[in-house]
Amino acid sequence: GAVVSQHPSRVICKSGTSVKIECRSLDFQATTMFWYRQFPKKSLMLMATSNEGSKATYEQGVEKDKFLINHASLTLSTLTVTSAHPEDSSFYICSAKLNEQFFGPGTRLTVL
Amino acid sequence: RKEVEQDPGPFNVPEGATVAFNCTYSNSASQSFFWYRQDCRKEPKLLMSVYSSGNEDGRFTAQLNRASQYISLLIRDSKLSDSATYLCAVIDQTGANNLFFGTGTRLTVIP
């Protein structure tokens, strides 16, 4: 099946810093990628839809200036959490759409 | 009102038991439905799609009830390896085929 990777798998950062998470489709091209966030014991919540070559579409309540998304190629989308706060600590998962959505392994972000 | 709702459980069942999960969705126009399995601290993996006529894959059976707007997952002859969180997901037809997930139902199969 299709493979999606994420990097890093885990990151710990200080409050106020920015963190970039990469999502790559390894064996297929994806014009559409999705970014989700999952808090402990909660559901995956869609944050934004990333479209190659155009601006991302953000879900209601997600600040586009805080969560910067860049989908510069058909195999790479990046999510940058700017000025991170402890409440941004979460599990961030991307997915890439082929005939179905294939999920990356997730990035666990801890903001101290 | 949440798009997709599930009983979070936990469901603790003995090996060999049959267990069923339900999930309700609010958007009557939704067309595509899925069950995912998520292990602790891992990404969700597609378990099966849910078709109008119902579908079966080994010990797993998924059904859709459009009138009542719910989908179900039945697991027969539970194995220890079935212990996981099961998420239902629905595609929102009004958008860009975004997946909306339920909160997941935690299943623990006990020896």
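Within every chain, residues take consecutive numbers counted from 1 along the sequence as written. Labels are handed out in written order, letters beginning with A for the chains and numbers beginning with 1 for the ligands. Local features are withheld for residues below a pLDDT of 70 in this predicted model, meaning they are given only at 70 or higher, and side-chain atom pairs are given and counted only at 80 or more; totals for whole chains, interfaces and linings count all residues. As a rule here, side-chain values cover all heavy atoms of the structure and leave hydrogens and water aside.

### Some thoughts on unusual backbone geometry
All names here are of chain A.
- For the bond from His7 to Pro8, the omega torsion is 0 degrees, close enough to zero to count as cis.
- The topology assignment puts Pro8 in the loop between strand 1 (4-7) and strand 2 (10-13).
- A positive phi angle, close to 60 degrees, is found at Lys41, a residue other than glycine.
- Its identity is not glycine, yet Ser83 carries a phi of approximately 45 degrees, on the positive side. Labels follow the DSSP assignment, with helices taken as runs of H or I lasting at least four residues and strands as runs of E lasting at least two, numbered in each case from the N terminus.

### Section: the interface of chain B and chain A
- At the interface, 15 residues of chain B touch 19 residues of chain A.
- Here's the idea: put two parts together, see how much 1.4 Å probe accessible area each one loses, and the total over both is what we call buried area. Between chain B and chain A, roughly 1,300 Å² of surface is buried when both sides are summed, and carbon and sulfur atoms account for 54% of that area.
- When the buried area of chain B at its contact with chain A is split by residue, Arg41(B), Glu43(B) and Phe101(B) rank highest and sum to 33% of it.
- The rule for a salt bridge is simple: a side-chain nitrogen of Lys or Arg has to be within 4 Å of a carboxyl oxygen of Asp or Glu. On inspection of chain B and its partner chain A, the count reaches 0 salt bridges.
- Counting of polar contacts relies on pairs of N or O atoms within 3.5 Å, with two restrictions inside protein: one atom must be capable of donating a hydrogen and the other of accepting it, and residues adjacent in sequence are counted only when both atoms are side-chain atoms. For the pair chain B and chain A, the number of links is 3 residue pairs in polar contact (both at pLDDT 80 or more).
- Contributing elements (two or more residues each) for the side of chain B that touches chain A: strand 4 (32-38), strand 5 (44-50) and strand 10 (98-101) of chain B.
- Per element, the largest residue contribution to the side of chain B that touches chain A is 3 residues, and it comes from strand 10 of chain B. By the convention used here, residues are in contact when the closest approach between their heavy atoms is within 4.5 Å.

### So, the pairing of strand 4 of chain B
All names here are of chain B.
- Three exposure classes are used, based on accessible area relative to the maximum for each residue type with a 1.4 Å probe and protein chains only: buried under 20%, partly exposed in between, and exposed over 50%. By the criterion of burial, strand 4 is predominantly enclosed, with 5 of the 7 residues buried.
- In this structure, strand 4 lies alongside strand 9 (residues 84-92), joined through 7 bridges in antiparallel fashion. In the strand pairing of strand 9, Phe33 is matched with Val90.
- Two strands pair when backbone bridges link them, and strand 4 and strand 5 are joined in this way by 6 bridges, in the antiparallel orientation. By the bridge assignment, Phe33 is partnered in strand 5 with Val50. Note on pairing: two strands pair once DSSP finds at least 2 bridges between them.

### A look at the environment of His7(A)
- In this structure, His7(A) sits in strand 1.
- For His7(A), the residues in contact, after removing those within four places along its chain, are Lys20(A), Ile21(A) and Glu22(A).

### A closer look at the sheet that holds strand 6 (residues 55-57) of chain B
All names here are of chain B.
- Pairing within the open sheet is antiparallel, and its 5 strands lie in the order 1-3-8-7-6. Both edges of this open sheet fall to strand 1 (4-6) and strand 6, since each of them pairs with a single strand only. Adjacent strand axes in the sheet meet at a mean angle of 20 degrees, parallel and antiparallel pairs treated alike. Every axis in this analysis is a line fitted to C-alpha atoms, fitted for helices over the stretch in contact. Angles between the N-to-C directions lie between 0 and 180 degrees.

### Overview of the side chain of Gln38(A)
- Tracing the backbone through its elements, the reader meets Gln38(A) in strand 4 (residues 32-38).
- A polar atom in the side chain of Gln38(A) sits 2.9 Å from the side chain of Gln38(B).
- In this view, Gln38(A) contacts Ser43(A), Leu44(A), Ser90(A), Phe91(A), Ile93(A) and Gln38(B); residues no more than four positions away in its chain are not counted.

### Details of the state of the cysteines
All names here are of chain A.
- Disulfides are defined as cysteine sulfur pairs within 2.5 Å. By the definition in use, this model includes 2 disulfides over all chains.
- Residue Cys23 pairs covalently with Cys94 via a disulfide, S to S 2.0 Å. Its torsion about the S-S bond being 80 degrees, the disulfide of Cys23 and Cys94 is classed as right-handed. Within this pair, whereas Cys23 is found in strand 3 (residues 19-25), its partner Cys94 is found in strand 9 (residues 90-97), the two being separated by 71 residues in sequence. Side by side, Cys23 and Cys94 carry an identical accessibility label, which is buried.

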